[in-house]
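Given next are the chains, with one letter for each unit.
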Amino acid sequence: MKTRITRRGFLATTGLAAGITLLPSVTRNVLGANEKLNIAGIGAGGKGYVDTSLCASENLVALCDVDQKNGEVGFKRFPDAVRFADYRVMLEKMDKVIDAVTVSTPDHSHASAAIRAMNMGKHVYCQKPLTHSIAEARLMTRVARQRKVVTQMGNQGHNHSDTRRLVELIKAGVIGQVKEIHVWTDRAGPVWPQGDAAMNAFKAGAGAKVPAHVDWDLWLGPAKDRPYNSAYLPFRWRGFWDFGTGAVGDMGCHNMDLAFWSLDLRDPVSAESEFAENYAEVGPAWAIITINFPKRGDLPACSLKWYEAGKKPDPALANQKTLPRNGTIMIGSKDTLYVPHYWGKGTFTSGAKTEDFSQVPVTLPRMAGSDNEGNIDANHHLEWIAAIKANKPEMAMSNFDYAGPMTEAVLLGNTAVRAGKKIEWDAKTLSITNDKEANRFVRDEYRKGWEIEGMA
């Protein structure tokens, strides 16, 4: 096992690495169930603070943030953690100390940070959406499997006991064959601007000075170089295609999770969309996206229709007069399931209740407290930590074998928006077959020094 050293001892015995290299092979660390992990946080403020705080049962040995003001809350919470601004330096310098990392950055930096960490043998908890591009999601899945590291995507609803019970019931056939799914969210606006509002903010923010507490070059990371614009920060980057993945990227991995998990959705064959307006730089003010999935074993082909920014399906589909801001409707041949939230407890239009299906066995694990919505985020992190200590990647149930293919499908919806037409998709080759030009949206280009190892 790795030798545990203090921050003082670490600083006294190491120097700054001259270069950043990826290890061609790694030696895995084996941990006892009662031994604490050494965890590093890539992102110390905002969601990074949440993720590291929920790992506080372990040793927080390092924190990294490109925004010293935003990261200060994490730096104060964990004063003994070594501070960094560049995660590449952190991983290289503290390689022999770190067991696992949390990645809580803007979407465009997820893959660069997580793949680098996994290639160094680190276990990874990465925020949703797992990646910024479809190709990155495929590579994340492959690297996690090859390196045999324990992974978890930050869609904490996956740990809700009511969600897990619904997955068991749907897989047992209580609503029958599902061919039609409707999922919606109130985002993007007013949470962050998209469409005309984002373009207006961009025009107004041109020429702004980089805040003294932000390292703009490091914030850009793998994204192409460009001047700072106040429209991007602190949270509005989500609407800009170069950094974020819009509403479907932000919320799809939450709201669509029940459907993907219970119906084994993956490898869609096509996607199409309606939207308010189509800009090259930003997502539209609203979009309605349909993702089509093929037959999967005994499961029929089905379509998932996504609505955002206040657009919703017909409430009558769920025998409702109105619908809440977020939810899911799954229409089966026997019954229809309605979940009026991101995740959790649902109702059946037949009037049946979850308790009526006591004959359906419990097959998925539950963590203590996971039926309390306030605890699911903590339990999601603890599930990951327990899986690391047990050296069983499958125990973390939103591991990249699940989250990677899910992210591919979710991001295909954005690709249909950006292409402005229905796209036919070949999941095996990661290519759009009816519009070769649109394949530019499948992969990102990276700045020199930020390339991702293994990315074709």
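Right, let's walk through the structure included here. On a predicted model such as this, the values are computed, not experimentally measured, just so you know.

Here the focus is the side chain of Glu58. Mapped onto the fold, Glu58 is located in the loop between helix H2 (47–53) and strand S2 (59–64). Overall, Glu58 belongs to the buried group, its relative accessible area being 8%. There is a polar contact of 3.1 Å between the side chain of Glu58 and the side chain of Lys389. Residues in contact with Glu58, not counting those within four places in the same chain, are Glu35, Lys36, Leu37, Ile39, Ile385 and Lys389.

One open sheet holds the 9 strands; their spatial order is S13-S12-S11-S7-S10-S9-S8-S14-S15, and the pairing between them is mixed. Strands at the two margins of the open sheet, each flanked by one partner only, are strand S13 (347–348) and strand S15 (431–432). In this sheet, strand S9 (residues 287–293) lies alongside strand S8 (residues 270–275) in antiparallel orientation, the contact comprising 6 bridges. Bridge assignment links Glu272 to a residue of S9, and that residue is Thr290.

Our next topic: the nonpolar core. Grouped together as the largest cluster of nonpolar side chains are 97 residues, with contacts concentrated most on Ile181, Phe260 and Leu304. The element that contributes the greatest number of residues to this core is helix H13 (residues 400–419), accounting for 7 residues. Sequence-distant contacts of Leu304, defined by excluding residues within four places in its chain, comprise Ile181, Val183, Met256, Ala259, Phe260, Leu265, Ile289, Thr290, Ile291 and Phe293. Among the nonpolar cores identified, the runner-up in size contains 17 residues, and Leu60, Ile385, Ala387 and Ala396 belong to it.

On to the sheet that holds S2. Ordered in space as S3-S2-S1-S4-S5-S6, the 6 strands form an open sheet in which the pairing is parallel. Two strands lie at the open edges of the sheet, namely strand S3 (82–84) and strand S6 (151–153), each paired on one side alone. Across this sheet, the average inter-strand angle for adjacent strands is 15°, counted without regard to direction. As judged from the 3 bridges shared by strand S5 (residues 123–126) and S6, these two strands associate in the parallel manner. Considered in S6, the bridge of Val124 is made with Thr151.

The omega torsion across Lys128 and Pro129 is -15°, close enough to zero to call that bond cis. Within the fold, Pro129 resides in the loop between S5 and helix H6 (134–147). In this structure, Ala309 takes a positive phi of about 55° despite not being glycine. Examined against the element boundaries, Ala309 turns out to sit in the loop between strand S10 (302–307) and strand S11 (327–332). Phi at Asn391 is positive, roughly 55°, even though this residue is not glycine. Judged by relative accessible area, Asn391 falls into the partly exposed class, the value being 43%.

For the rest of this paragraph, the subject is the packing of helix H5 (residues 110–119) against H6. Packing of H5 against H6 brings their axes to within 9 Å, and their N-to-C directions diverge by 15°. By the criterion of interaxial angle, the relationship of H5 to H6 is roughly parallel. As H5 packs across H6, the resulting crossing turns out to be left-handed. Contact residues: Ala111, Ala114, Ile115, Met118 and Asn119 in H5; Glu136, Leu139, Met140, Val143, Ala144 and Arg147 in H6. Partitioned by chemical class, the residues of the contact of H5 with H6 number 8 nonpolar, 1 polar and 2 charged.

This next bit is on the environment of Asn278. One can find Asn278 in the loop between S8 and S9. Exposure remark for Asn278: the relative accessible area of 38% places this residue in the partly exposed category. Between the C-alpha atoms of Asn278 and Leu63, which are 215 residues apart in sequence, the distance is 38 Å. Residue contacts for Asn278: discarding those within four places in its chain leaves Val417, Arg418 and Gly420. Polar contacts involving the side chain of Asn278 include one to the main-chain carbonyl oxygen of Val417, which spans 2.9 Å.

Okay, the pattern of salt bridges next. Within the structure shown, the criterion is met by 23 salt bridges. When the shortest N-O distance is used, the salt bridge between Glu408 and Arg138 registers 2.7 Å. A residue pair is termed long-range when its members are at least 10 positions apart, and Glu408 in helix H13 and Arg138 in helix H6 qualify at 270 residues. Residue Glu408 is classed as buried on the basis of its relative accessible area of 7%. Among the ionic pairs, Lys224 bridges to Asp242, the shortest N-O distance being 4.0 Å. Of this pair, Lys224 sits in the loop between helix H9 (216–220) and helix H10 (246–255) while Asp242 sits in the loop between H9 and H10, and the two are 18 residues apart along the sequence. The exposure class assigned to Lys224 is exposed, which follows from its relative accessible area of 53%. Because the salt bridges share partners, they merge into one network encompassing Asp107, Lys128, Arg187, Arg238 and Asp250.

Scanning the model with the defined rule gives 16 aromatic pairs in all. Arranged with centres 5.2 Å apart and planes meeting at 10°, the rings of Trp216 and Trp219 form a pair that is stacked. Note that Trp216 and Trp219 are positioned in helix H9 at a spacing of 3 residues, about one turn of the helix. Accessibility classification places Trp216 together with Trp219 in one group, the buried group. Taken together, a centroid distance of 5.7 Å and an interplanar angle of 90° make the contact between Phe260 and Phe293 edge-to-face.

Conventions used here
- Residues numbered from 1 in each chain as written.
- Predicted model: local features only at pLDDT ≥ 70, side-chain atom pairs only at ≥ 80, totals over all residues.
- Heavy atoms only, no water.
- Helix = DSSP H or I, 4+ residues; strand = E, 2+ residues; numbered from the N terminus.
- Buried < 20%, exposed > 50% of the residue type's maximum accessible area, 1.4 Å probe, protein only.
- Polar contact = N/O pair within 3.5 Å; in protein donor to acceptor, adjacent residues only side chain to side chain.
- Contact = heavy atoms within 4.5 Å.
- Pairing = 2+ DSSP bridges.
- Core = buried A, V, L, I, M, F, W, Y, C linked by side-chain atoms within 4.5 Å.
- Axes fitted to C-alpha atoms, helices over the stretch in contact; angles between N-to-C directions.
- Parallel < 35°, antiparallel > 145°, perpendicular 65-115°, else oblique.
- Left-handed = near helix turned anticlockwise from the far one by under 90°.
- Nonpolar A, V, L, I, M, F, W, Y, C, P; charged D, E, K, R; others polar.
- Salt bridge = Lys/Arg side-chain N within 4 Å of Asp/Glu carboxyl O.
- Phe/Tyr/Trp six-rings, centres within 6.5 Å; stacked < 30°, edge-to-face > 60°.

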